[in-house]
Number of protein chains: 2
Amino acid sequence: MTKPIIFLQRTFRDEFIDNIQAIALDYQVKTELTDEEVSSVEVSVGWSKELAESLRSSSQLKWVQSISAGVDYLPLKDFSNQNILLSNGSGIHALSISEHIIGVLLGYYRGLNQSVKNQEKKIWGQESIHYDQLSGKNLLVVGTGHIGQQLSKSIRSLGVNVYGINTTGHPANGFVETYSIKNLAKIVHEMDIVVGILPGTHETYHIFNNDIFENMKKTAVFINVGRGDTVHTKELTQALENKDFAFAALDVFEEEPLPTDNPLWKMENVLITPHISGMTVDFQRKFMDIFLANLKSYVASKELSVNQVELDRGY
Amino acid sequence: MTKPIIFLQRTFRDEFIDNIQAIALDYQVKTELTDEEVSSVEVSVGWSKELAESLRSSSQLKWVQSISAGVDYLPLKDFSNQNILLSNGSGIHALSISEHIIGVLLGYYRGLNQSVKNQEKKIWGQESIHYDQLSGKNLLVVGTGHIGQQLSKSIRSLGVNVYGINTTGHPANGFVETYSIKNLAKIVHEMDIVVGILPGTHETYHIFNNDIFENMKKTAVFINVGRGDTVHTKELTQALENKDFAFAALDVFEEEPLPTDNPLWKMENVLITPHISGMTVDFQRKFMDIFLANLKSYVASKELSVNQVELDRGY
């Protein structure tokens, strides 16, 4: 009988392949597949459109380890019906995204974005620089998972007061207070900064809409590094045109790349970044910390020890 | 006999004028002077070119409270000869400058500067984004005073290892290790980030020159928020052309505004900001914390309690 296959849909260094093989002695580790081998894949690391149909229809597939934190692009219902386990890459990108958010805030508050634009035109322009102080601001993290907790830990030490929003308002590490998602529109007027770090689910679709924007402070900043479709793009654009709040930094969009005819590109009070907040150095090691931990428990007992996705919830 | 004058060369809110008057009952507080009144000024808050000559030649002047941290533009020798006390604004700008430095670093490491440039051209450009991680970097603060200590406190909590340089290498709060300025060229090769926060003195003139730049890591970042003439601009420009190190963020220059024909404006590996790092909200309150403390001790005993400048040293 052929040994079942652990299929890596992404390149990893030899040392990590060796680590995998040492844990999973009764498995073959493959980075490419023949047509016949597809039906022997038991564990898939990553998920590509090309192989989705054939992998899913194989009765051998038992576990998918996603590379990303968000798993809304995966066939969660099918996985659930076929009892396929799913784990995600949540946590890998937490430090990078946290650094991105702090950078974006200081770029705005310290007039650095404006300086970059002025430099392109050789304009000194000291008088055109808007400046403010990050320390002392109230920041609301919408989504208190790995990334939200890392952000809270880092930015609190810069003097920021960090509040959190999650599904039920349950307490989370490092937040002054946490609220239920139902109360978002009610508390947003007290915040200087609102950061969206939500997964894409039925419940979070277009959750950042006019009900939120119209209640924000005139001086507030909105940042989205979660999923693009958590934001109602048209209502956001309108709110920014009306100057309902002061500045938006957007790393994710309902359509990516952001189409060139989208008005957001040209707005002075918007920073567009091309879905880069999660880009992280030392990615392979960070990913393997998760995957190898899961592989050990999977080999021992067909269970996952970290980052298992609840398929009906979607994160 | 006319009461001696406390002359404010800058506008302050009424509440602060009241505070001053309440402490200095035997003084007049003035924001404008007649020609006759100049000779009655005993305390000057701020220093302007227009009044420099007449104030200095008056034998009544006893104390100058500078607004800025740097005092290299003041006639220190004359003050020394005439026994005029001098105090500076050191500390007021520490938080702002610290936030500026962190913003500049994350703007570079997280590809935000490049994103601002791309946005101007509606370029998505994810593949053009350079990214790195701030956490884990070694940072050398050249000048371990108020600003250096604030920076160290803030940026350590983001996972950065902070080393310090000062005149003698004496220990300072919050640094992994401190070295004497003599050793700058020797240790700079171990650093990912070098931050100049030096006052302008005889000893610091052109201290950042090719001896330093040629020893820096190829990947290193250089930031100057001290005095412009602590940097040998021509040698810096050459080093950046040679790519001796990776990136420079410059907020101060030997000539300000930076002349439009200066090649630094056009360099991709340079961020020019127009001497804005010290711009700070709530300036008046921060300044009055220093001035009123000094005013109390001055009125009581003709001594200053904080921020006195050693006139022969220059800071």
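Note that the coordinates shown come from a computational prediction; the quantities given were computed from them, not determined experimentally.

## Here's the deal with the packing of aromatic side chains
Aromatic rings in a pair are described by how distant their centres are and how their planes are angled relative to each other. Taken as a whole, this structure holds 26 aromatic pairs over all chains when the rule is applied. Among the aromatic residues, those joined into a cluster by ring pairs are A:Phe12, A:Trp63, A:Phe283, A:Phe287, A:Phe291 and A:Tyr298. Sitting over the ring of B:Tyr109, B:Lys137 keeps its end group 5.1 Å from the ring centre. The residue whose ring lies beneath B:Arg313 is B:Tyr315, and the NZ or CZ to ring-centre distance is 4.0 Å.

## Section: the packing of helix α4 (residues 94-109) of chain B against helix α6 (residues 146-156) of chain B
Residue and element names in this part refer to chain B. At a closest axis distance of 8 Å, the pairing of α4 and α6 adopts a crossing angle of 50°. Taken together, the axes of α4 and α6 lie oblique to each other. Regarding α4 and α6, the two cross each other, and that crossing is right-handed. Contact residues: α4 offers Ala94, Leu95, Ile97, Ser98, Ile101, Ile102 and Leu105, while α6 offers His146, Ile147, Gln150, Leu151, Ser154 and Ile155. Partitioned by chemical class, the residues of the contact of α4 with α6 number 9 nonpolar, 4 polar and no charged.

## A few points about the domain arrangement of chain A
All names here are of chain A. Under the domain assignment, chain A is made up of domain 1 (5-91 + 282-301) and domain 2 (93-272). Contacts between the two partners involve 9 residues from domain 1, matched on the other side by 5 residues from domain 2. Carbon and sulfur atoms make up 44% of the surface buried where domain 1 meets domain 2, a total of about 600 Å² over both sides. A per-residue breakdown of the area domain 1 buries against domain 2 is headed by Asp72, Ser90 and Gly91, which together make up 60% of the total. There are 1 salt bridge connecting domain 1 and domain 2. Residues Asp72 and Arg227 are paired through a salt bridge, measuring 3.1 Å at the closest nitrogen-oxygen approach. There are 5 residue pairs in polar contact (both at pLDDT 80 or more) connecting domain 1 and domain 2.

## Here's the deal with unusual backbone geometry
All names here are of chain A. Looking along the chain, the bond that leaves Glu256 and enters Pro257 is cis, with omega of -10°. Its location among the elements puts Pro257 in the loop between β11 (247-250) and β12 (270-272). The backbone of Lys302 shows a phi angle near 55°, a positive value even though the residue is not glycine. Structurally, Lys302 can be placed in the segment after α10 (283-301). Assessed through its relative accessible area of 47%, Lys302 is described here as partly exposed.

Cut-off values and rules
- Residues numbered from 1 in each chain as written.
- Chains lettered and ligands numbered in written order.
- Predicted model: local features only at pLDDT ≥ 70, side-chain atom pairs only at ≥ 80, totals over all residues.
- Heavy atoms only, no water.
- Phe/Tyr/Trp six-rings, centres within 6.5 Å; stacked < 30°, edge-to-face > 60°.
- Lys NZ or Arg CZ within 6 Å of the ring centre and 35° of its normal.
- Axes fitted to C-alpha atoms, helices over the stretch in contact; angles between N-to-C directions.
- Helix = DSSP H or I, 4+ residues; strand = E, 2+ residues; numbered from the N terminus.
- Parallel < 35°, antiparallel > 145°, perpendicular 65-115°, else oblique.
- Left-handed = near helix turned anticlockwise from the far one by under 90°.
- Contact = heavy atoms within 4.5 Å.
- Nonpolar A, V, L, I, M, F, W, Y, C, P; charged D, E, K, R; others polar.
- Domains from an automatic or database assignment.
- Buried area = accessible area lost by both parts, 1.4 Å probe.
- Salt bridge = Lys/Arg side-chain N within 4 Å of Asp/Glu carboxyl O.
- Polar contact = N/O pair within 3.5 Å; in protein donor to acceptor, adjacent residues only side chain to side chain.
- Buried < 20%, exposed > 50% of the residue type's maximum accessible area, 1.4 Å probe, protein only.

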